[in-house]
Amino acid sequence: MPSSDLVIRGRQVALSGEVAPASVHIREGRIVAITAFEDIPTDCEIVEAAKDSIVMPGLVDTHVLINEPGRMEWEGFATATRAAAAGGVTTIVDMPLNCIPATTTSEALRAKLAVTRGKLWVDVGFWGGVVPGNTGELAALWNDGVVGFKCFLVHSGVDEFPNVTEAILRETMPELARMGATLIVHAELPGPIEDACCRSLESDESSQANQSYETFLRSRPRAAENEAVALMIRLSRETGCRIHIVHHSSADALGMLRQAKAQGALLTVETCPHYLHFAAEDIGDGATEFKCCPPIRERENREQLWGALRDGIIDMVVSDHSPCPPEMKLPEQGDFMNAWGGISSLQLRLPVMWTAASTRGFTITQLAEWLCAAPARQIGLAQKKGSIGVGCDGDLVIWNPDRKFQVAPELIHHRHKLTPYAGEVLRGVVEKTFLRGQMVYEGGEFSEPHGSLLFRNS
């Protein structure tokens, strides 16, 4: 038996393809052996999960907006990574926008790296950005270690990260294909949105129209996503560039995604907990904490997304943690059309998903695939993150799938506490989180920050 610094064992350990009793042996931050539950040494620390608790790989969240530097009043590395640790997340990847400067040059990436020192409770990687005019910067960012590149097909919400057009994509995507880099895409086209907004203005000019969730939902029609997905599949085929569709919400596009995957497209797809948990019919007027783009859609749409997860059309579920100061949600006015769009849920992804998945008959093994293994593969870090396997980092979460809790502000560790999950009763309580064999979170308490910067092929 290999020498170990720490053994974490449990009666329910989420290994590749099964949940079984096991002992996970960790030495110098790496998993060095997985043995039977009874096979433990006598000369190292033993952490034993409770009988009813699950030992699972640390979650990987590849869609997090941290906003530092430049907009620390929205979020920051310290608060975001503490929230991650409290949610069993051991690896996050920061999006290239809502920070100032946006991560569209090597200089901007260096500015971001400089502000992380002493602030990381979990490991953090970085996406680069594709914007008009920065094609010449992409190779340098790739060499600096970003895990891939993000673009918007519609206005991003911040002027320092403008959207791209098909002409710009035709310039950029061959360069990304040459490098072997993935392009992740906010897939909504502006044309259908502009048309829908014009029709809405013509049909309803009342002062209360903007407080209606239905008004907002009509303003971001499924057609905007459907047409964007079709465009990206076509351009991927033409250029050989691997693409990933972020925060997918339109069930209408699932058929073309299924077909594209069956034909071997270089394509992966994510959705988010809020699209799988909430339904448009249940969102009240003025409840702007639910606003996000694309929007939370109807109940029948939600159930089709669950089917797509089951069938592998959607590969993973990530948070799209997109925080802002509460006043930007315009809670007093309840104005959906002018409130900031984004949902804060970095800490809650595991219990939200288990609450919804378990009622539909999904398993812990499927959950670990969606929340851990698939996101790690997406960013090329499957050899060290997202699985409990020999050679992987000793990133583990111990959580109880049966315990319930009610979401309340005092439990939330990201900077702002406003979330549409407030008051929800969820199943799945995170008990302990380990990063490379070091316990970073236990029962509401945190260790010193032990997180590291992650770079492509590191």
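Check the entry above for the structure.
Here the residue index of a chain counts from 1 through its sequence in written order. Totals for whole chains, interfaces and linings use every residue, but because this is a predicted model, local features are given only for residues with pLDDT of at least 70 and side-chain atom pairs only at 80 or more, for both listing and counting. The basis for the side-chain values is all heavy atoms of the structure; hydrogens and waters are excluded.

> Which residues make up the overall build of the protein, and what values go with them?
A run of DSSP states H or I qualifies as a helix once it reaches four residues; a run of E qualifies as a strand once it reaches two. Both are numbered from the N-terminal end. For the protein, the count of helices and strands is twelve helices and 18 strands. Here the radius of gyration uses the C-alpha set of atoms, whereas the globule reference equals 2.2 Å times the residue count to the power 0.38. Computed over C-alpha atoms, the radius of gyration of the protein comes to 21 Å, within 12% of the 23 Å expected from 2.2 N^0.38 for 458 residues, which places it in the range of a compact globule. For the protein, the C-alpha atoms occupy an extent of roughly 75 × 45 × 45 Å along the three principal directions. For each residue, the accessible area found with a 1.4 Å probe, counting protein chains only, is set against the maximum for its type, and the residue is called buried under 20%, exposed over 50%, and partly exposed in between. Taken over 458 residues, the protein has a buried fraction of 61%. Within the protein, counting contacts between residues at least 6 apart in sequence, those at least 24 apart form 75% of the total. In short, Shrake-Rupley with a 1.4 Å probe defines the accessible areas, and a residue's cover is counted only from the protein chains shown. Split by element, the accessible area of the protein, about 16700 Å² in all, is 48% carbon and sulfur. Positive charges are assigned to Lys and Arg, negative charges to Asp and Glu, while His and the chain termini are left out of the count. Throughout, a charge is located at the NZ atom of Lys, the CZ atom of Arg, the CG atom of Asp or the CD atom of Glu. Both charge centroids of the protein, one from 42 positive and one from 58 negative side chains, sit 4 Å from each other. Residue contacts are defined here by distance: any two heavy atoms, one from each residue, within 4.5 Å place the two residues in contact.

> Now, about the nonpolar core: what can you tell me, with residues and values included?
Side chains of nonpolar character tend, in soluble globular proteins, to be buried together. By nonpolar core we mean a set of buried residues, namely Ala, Val, Leu, Ile, Met, Phe, Trp, Tyr and Cys, connected to one another through side-chain atoms within 4.5 Å. Of all hydrophobic cores here, the largest spans 106 residues; its most connected members are Met56, Phe149, Leu153, Leu183 and Trp399. Once residues within four sequence positions are removed from consideration, tryptophan 399 is found in contact with Ser53, Ile54, Met56, Leu350, Trp354, Ile364, Leu367, Gly428, Val429, Val430 and Glu431. In this structure, Trp74, Val158, Trp340 and Ile379 belong to the second largest nonpolar core, which totals 21 residues.

> Outline the pattern of salt bridges, supporting the account with residue identities and numerical values.
The salt bridge definition used is simple: a Lys or Arg side-chain nitrogen within 4 Å of an Asp or Glu carboxyl oxygen. In the structure shown here, the tally under the stated rule is 31 salt bridges. When the shortest N-O distance is used, the salt bridge between arginine 222 and aspartate 252 registers 2.9 Å. In this pair, arginine 222 is assigned in helix α7 (residues 222-239) and aspartate 252 in the loop between β12 (242-245) and α8 (254-262), connecting sequence segments 30 residues apart. Classification of aspartate 252 by relative accessible area gives partly exposed; the value is 46%. Between arginine 403 and glutamate 431 there is a salt bridge, with the nearest N and O atoms lying 3.8 Å from each other.

> Break down the sheet that holds strand β10 (residues 149-152) for me, with residues and values.
Here six strands make up an open sheet; going across it, the order is β9-β10-β11-β12-β13-β14 and the pairing parallel. Single-partner strands in this sheet number two, and they are β9 (128-129) and β14 (316-317). In this analysis, strands are considered paired if DSSP registers two or more bridges between them. Taken together, the three bridges between β12 and strand β13 (residues 267-271) define a ladder with parallel strand orientation. Across the sheet, the residue bridging to histidine 244 is threonine 268, located in β13. Lines fitted to C-alpha atoms define the axes here, with helix axes fitted over just the stretch in contact, and angles between the N-to-C directions of these axes take values from 0 to 180 degrees. Where α7 meets the sheet, its contacts fall on β11 (182-186), β12 and β13, and the angle it forms with β12 comes to roughly 165°.

> Residue-level account of the sheet that holds strand β6 (residues 59-64), with values.
Strand order across the open sheet formed by three strands is β6-β7-β8, with parallel pairing between neighbours. The sheet terminates laterally at β6 and β8 (123-126), the two strands that pair on one side only. Taking each pair of neighbouring strands and ignoring which way they run, the sheet shows an average axis angle of 20°. In this structure, strand β7 (residues 89-94) lies alongside β8, joined through four bridges in parallel fashion. Within the sheet, the bridge partner assigned to threonine 91 lies in β8 and is aspartate 123.

> Quick one: what's the story with the side chain of histidine 277, residue by residue and with numbers?
Mapped onto the fold, histidine 277 is located in helix α9 (residues 273-277). Given the relative accessible area of 17%, histidine 277 is considered buried. Distance and chemistry together define a polar contact, namely a pair of N or O atoms within 3.5 Å, with one atom able to donate a hydrogen and the other to accept it when in protein, and with adjacent residues in sequence counting only for side-chain atoms on both sides. Side-chain polar atoms of histidine 277 contact the side chain of glutamate 424, separated by 2.6 Å. Other than its neighbours up to four places away in sequence, histidine 277 contacts Arg302, Val352, Ala356, Tyr421, Glu424 and Leu426.

> So what's going on with the side chain of glutamate 75? Residues and values would help.
For glutamate 75, the position within the fold is in the loop between β6 and α1 (77-86). Nearest to the buried, unbridged glutamate 75 among oppositely charged side chains is arginine 415, at 4.6 Å. Here the side chain of glutamate 75 touches arginine 415 through a polar contact of 3.0 Å, landing on its backbone nitrogen. Non-local contacts of glutamate 75, meaning those with residues more than four positions away in its chain, are made with Leu65, Ile66, Asn67, Ala80, His321, Pro323, His414 and Arg415.

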